[in-house]
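Chain and residue survey
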Amino acid sequence: MTKLTVVMSGFDPYDGVEVNPSLIVPRTLAAQGVAGNPDDYDDPLHDVDVTIRSVILPVSFGSAWPQLEAVLEREHPDIVIATGLKRAARGILLERCAENLKDAEKPDADNVIPERGPIDESGPAAYWTGLPLRAILQAFARDNIPATLSSDAGTYVCNALFYHLENWASRQDKALAGFVNLPLVNEQPHPQHGLPLDQQVTAARDVVRQSARYFLGAVKSPSLLP
Ligand code: PCA
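The text that follows walks through the structure, step by step, so that each part is easy to find. What you see is a predicted model; the values in this text were computed from it and never measured.

Structural notes on the state of the cysteines
One pass over the structure, following the stated rule, counts 0 disulfides. Of all cysteine sulfurs in the structure, the one in C158 sits closest to C97, which takes part in no disulfide; the separation is 14 Å.

Considerations on the sheet that holds strand β1 (residues 2–11)
If you walk across this open sheet you meet the 6 strands as β2-β1-β3-β8-β4-β7, and the pairing is mixed. At either margin of the open sheet sits one strand with a lone partner, and together these are β2 (48–57) and β7 (147–150). Within the sheet, the average angular offset between the axes of one strand and its neighbour, ignoring direction, is 25°. As judged from the 10 bridges shared by β1 and β2, these two strands associate in the parallel manner. Residue pairing for β2: T5 is matched across the bridge by T51.

Remarks on the nonpolar core
Among the nonpolar cores identified, the biggest contains 35 residues, and F11, L68, L72, L161, L165 and W168 are the most heavily contacted of them. Broken down by secondary-structure element, the contributors of at least two residues to this core are β1, β2, α2 (64–75), β3 (79–85), α4 (157–170) and β8 (176–182). Core analysis: the second largest hydrophobic core is formed by 30 residues, I52, L94, L131 and V201 among them.

With respect to the packing of α2 against α4
Remark: α2 packs on α4, axes separated minimally by 9 Å, with the N-to-C direction vectors making an angle of 35°. Remark: the crossing between α2 and α4 carries right-handed chirality. Contacts between α2 and α4 involve A64, W65, L68 and L72 from the former and V157, L161, H164, L165 and W168 from the latter. Among the residues making up the contact of α2 with α4, the classes are represented as 8 nonpolar, 1 polar and no charged.

Brief notes about the packing of aromatic side chains
Taken as a whole and assessed by the stated rule, the structure comprises 4 aromatic pairs. Ring geometry for Y14 versus Y156: centroids 6.0 Å apart, planes at 35°, classification tilted. Taken as a pair, Y14 in the loop between β1 and α1 (21–32) and Y156 in the loop between β7 and α4 lie far apart in primary sequence, 142 residues in all. Each member of the pair Y14 and Y156 is classed as buried.

Some details on the pattern of salt bridges
If you walk through the whole model with that rule in mind, you get 6 salt bridges. Across the pair D15 and K106 runs a salt bridge, and its minimum N-O distance is 3.8 Å. One end of the pair, D15, is in the loop between β1 and α1; the other, K106, is in the loop between β5 (97–99) and β6 (126–128), with 91 residues separating them in the sequence. When its relative accessible area of 33% is taken as the criterion, D15 is described as partly exposed. The partly exposed category is assigned to K106, whose relative accessible area is 34%. A salt bridge links D43 to R209, with the nearest nitrogen and oxygen atoms 3.1 Å apart. Of this pair, D43 sits in the loop between α1 and β2 while R209 is found in helix α5 (residues 197–215), placing the two residues 166 residues apart along the sequence. Salt bridges linked by common partners bring R53, R74 and E75 together as one network.

Some words on the environment of R87
Looking at the element boundaries, R87 is found in the loop between β3 and β4 (92–95). Each residue touching R87, except ones within four places of it in the same chain, is listed here: D15, V17, L184 and H193. Within the structure, R87 has its side chain in polar contact with the backbone oxygen of D15 (distance 2.7 Å).

Parameters and conventions
- Residues numbered from 1 in each chain as written.
- Predicted model: local features only at pLDDT ≥ 70, side-chain atom pairs only at ≥ 80, totals over all residues.
- Heavy atoms only, no water.
- Disulfide = S-S within 2.5 Å.
- Pairing = 2+ DSSP bridges.
- Helix = DSSP H or I, 4+ residues; strand = E, 2+ residues; numbered from the N terminus.
- Axes fitted to C-alpha atoms, helices over the stretch in contact; angles between N-to-C directions.
- Core = buried A, V, L, I, M, F, W, Y, C linked by side-chain atoms within 4.5 Å.
- Buried < 20%, exposed > 50% of the residue type's maximum accessible area, 1.4 Å probe, protein only.
- Left-handed = near helix turned anticlockwise from the far one by under 90°.
- Contact = heavy atoms within 4.5 Å.
- Nonpolar A, V, L, I, M, F, W, Y, C, P; charged D, E, K, R; others polar.
- Phe/Tyr/Trp six-rings, centres within 6.5 Å; stacked < 30°, edge-to-face > 60°.
- Salt bridge = Lys/Arg side-chain N within 4 Å of Asp/Glu carboxyl O.
- Polar contact = N/O pair within 3.5 Å; in protein donor to acceptor, adjacent residues only side chain to side chain.

Take a look at the structure:
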């Protein structure tokens, strides 16, 4: 049986929102797992054992990445999926690209507003995500999950973590990493904002399953192309 390790990160409560879905969804998925169906030979994960580790990070420019990096050094994951909250989002936002820029308008959890400028003075302007976004969107369509591709995770802590993470992934032999923004938890259907929690967990399961398939070579199309 092939073994894969996935690290899924989230953030502490943020932006006055008591229930940050990115705090609950990774923990829930780590507890539930994403088991393939061992009797279904068409299921590319039928003989894959996927372990998910969740980690919750502070909304801090200074310590979110070092805390995630420590987990990556310990777990040596094959796939890393970072998540955060975008409170204005209607559905799931699949982030395409991490920008080498921090530009915060409000203090972080350490009460720090970092100086505006690049995250890494000598790093590239941006990194593409490593996740197979098109395959994930197709899985979302099958599961009726509202989602869009997003070209910009902002210039706050989420983007900074995403950038450090892709920088890390670029130095690994083989590791996929990306960032997914979640909307508010809204149990009642709402025309503009939010999704129920169980739909968000289903979405995260789709992200893990499609990323695992891609990692194992079962998804053919390059991640950013149609
Ligand atoms: N969202 C923030 C940081 C933590 C979170 O959940 C952001 O958009 O940068």
